[in-house]
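Examining the three-dimensional arrangement
Here are the chains, one letter per residue:
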Amino acid sequence: MKLVTWNVNSLRARLKRVVAWLERHAPDVVCLQETKCPDDLFPARDLEVAGYRATFTGQKGLNGVAILTRIETTAAPVDVVTALPGTPRDPQRRFVEVVLPGEGGAEGLRVLCVYVPNGQAVGSDAYFYKLDWLSRLLAHLRTSHDPARPLVLCGDFNVAPTDLDVPSPEAYRDRLFATTPERRALGHLEAWGLVDALRARSPTGPGPFTWFDYAPGAVERDDGLRIDLIYATPPLVERLVEVTVDLDERRGDRPSDHAPVVAAFRP
DNA sequence: ATGGTCGGCATCCGA
């Protein structure tokens, strides 16, 4: 089973690249963030032609997430949730969750796809919204899910989990994406039972980075951040083969500013 | 030492 998480920075602007990528790699599960696409304009037909079912929630201009599943290999999603549980309802479209039923009574896979708020600047209202959003995500896991079951939580977390995930720990000390409260929030997710899949297989750094600024030369200088993460519960980590960052997809003509992160699992 | 680029939407904002 191959799963990818990818912040596409506008699905409609990226559609040709996304479809070409899906045809080249044939992933079974695809978690997309920043689709920037209202539901009535979501390119479901184009994705279906490419062989994928889509579960999505979006809004005009900003945010938006989707989970695509390969029709040929994957059962239709059930138990769909399209907003981060909790009150008040989050007005921003940043969360989608599905269950992919297993074959012949086998246990299914729960998939959560998130686009964590950026946070704008340390100490800003947006920063506290980000921390609050992460604590609501933790509360949802604690109240509704079980780390002993197969579950993946993946997406753009807008947090570099450790000093291995930034180019220079000194330069990033207490900066947005690397502050203690942001990292503590990820630490709580890990304490609940999630494992950072890439770091489990690639224990040294710095990097690999998944996001690079559009400013010229950022990719060549390897001046990025690792903020696109695949968290998995232990029964899935047991089946984890490898996790890779497709840096090629960050190059060339009009790429997203994020590279796809791909995890392969044994059946 | 500074600031560079995108996408969506409207001539600026968020990233």
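Residues numbered from 1 in each chain as written. Chains lettered and ligands numbered in written order. Predicted model: local features only at pLDDT ≥ 70, side-chain atom pairs only at ≥ 80, totals over all residues. Heavy atoms only, no water.

1. Considering the side chain of Asp-257
Turning to its location among the elements, Asp-257 is positioned in the loop between strand E13 (240–245) and strand E14 (261–265). The buried charged residue Asp-257 lacks any salt bridge, with Arg-14 as its nearest oppositely charged partner at 6.1 Å. Aside from chain neighbours lying at most four places away, what touches Asp-257 is Asn-9, Thr-210, Trp-211, Phe-212, Tyr-214 and Arg-250. (Helix = DSSP H or I, 4+ residues; strand = E, 2+ residues; numbered from the N terminus. Buried < 20%, exposed > 50% of the residue type's maximum accessible area, 1.4 Å probe, protein only. Lys, Arg positive; Asp, Glu negative; His and termini not counted. Salt bridge = Lys/Arg side-chain N within 4 Å of Asp/Glu carboxyl O. Contact = heavy atoms within 4.5 Å.)

2. Things to note about the protein's contact with DNA strand B
Surrounding DNA strand B, one finds 16 residues, the nearest of these being Ser-10, Arg-14, Lys-60, Tyr-214 and Arg-254. Sugar plus phosphate, as a fraction of atoms of DNA strand B within 4 Å of the protein: 91%. Here a phosphate oxygen of DNA strand B sits 3.3 Å away from a polar atom, N or O, in the main chain of Gly-61. In this structure, a phosphate oxygen belonging to DNA strand B sits 2.5 Å away from a side-chain N or O atom of Arg-254. Among the residues making up the surface near DNA strand B, the classes are represented as five nonpolar, five polar and six charged. (Near = heavy atom within 4 Å. Polar contact = N/O pair within 3.5 Å; in protein donor to acceptor, adjacent residues only side chain to side chain. Nonpolar A, V, L, I, M, F, W, Y, C, P; charged D, E, K, R; others polar.)

3. Concerning the layout of surface pockets
When its volume is computed, the largest pocket comes out at roughly 510 Å³. Around the largest pocket, the lining comprises 18 residues; the ones closest to its centre are Met-1, Pro-101, Gly-102, Glu-103 and Arg-239. For the lining of the largest pocket, the class distribution of residues is ten nonpolar, four polar and four charged. (1 Å grid on protein atoms, 1.4 Å probe; cavity = no way out; pocket = protein on both sides within 12 Å on 5 of 7 lines; lining within 4 Å. Points joined across faces, edges and corners; volume = space filled by probe spheres on them.)

4. Here we look at the environment of Ser-202
Tracing the sequence through the fold places Ser-202 in the loop between helix H6 (197–201) and strand E10 (211–212). The partly exposed category is assigned to Ser-202, whose relative accessible area is 24%. Here the alpha-carbon distance between Ser-202 and Val-243, two residues 41 residues apart in the chain, equals 8.2 Å.

5. Let's talk about the environment of Leu-194
One can find Leu-194 in the loop between helix H5 (180–192) and strand E9 (195–196). Measuring from C-alpha to C-alpha, the distance between Leu-194 and Pro-150 comes to 10 Å, with 44 residues separating the pair along the chain. Other than its neighbours up to four places away in sequence, Leu-194 contacts Leu-141, Leu-151, Leu-153, Leu-189, Tyr-231, Ala-232 and Thr-233.

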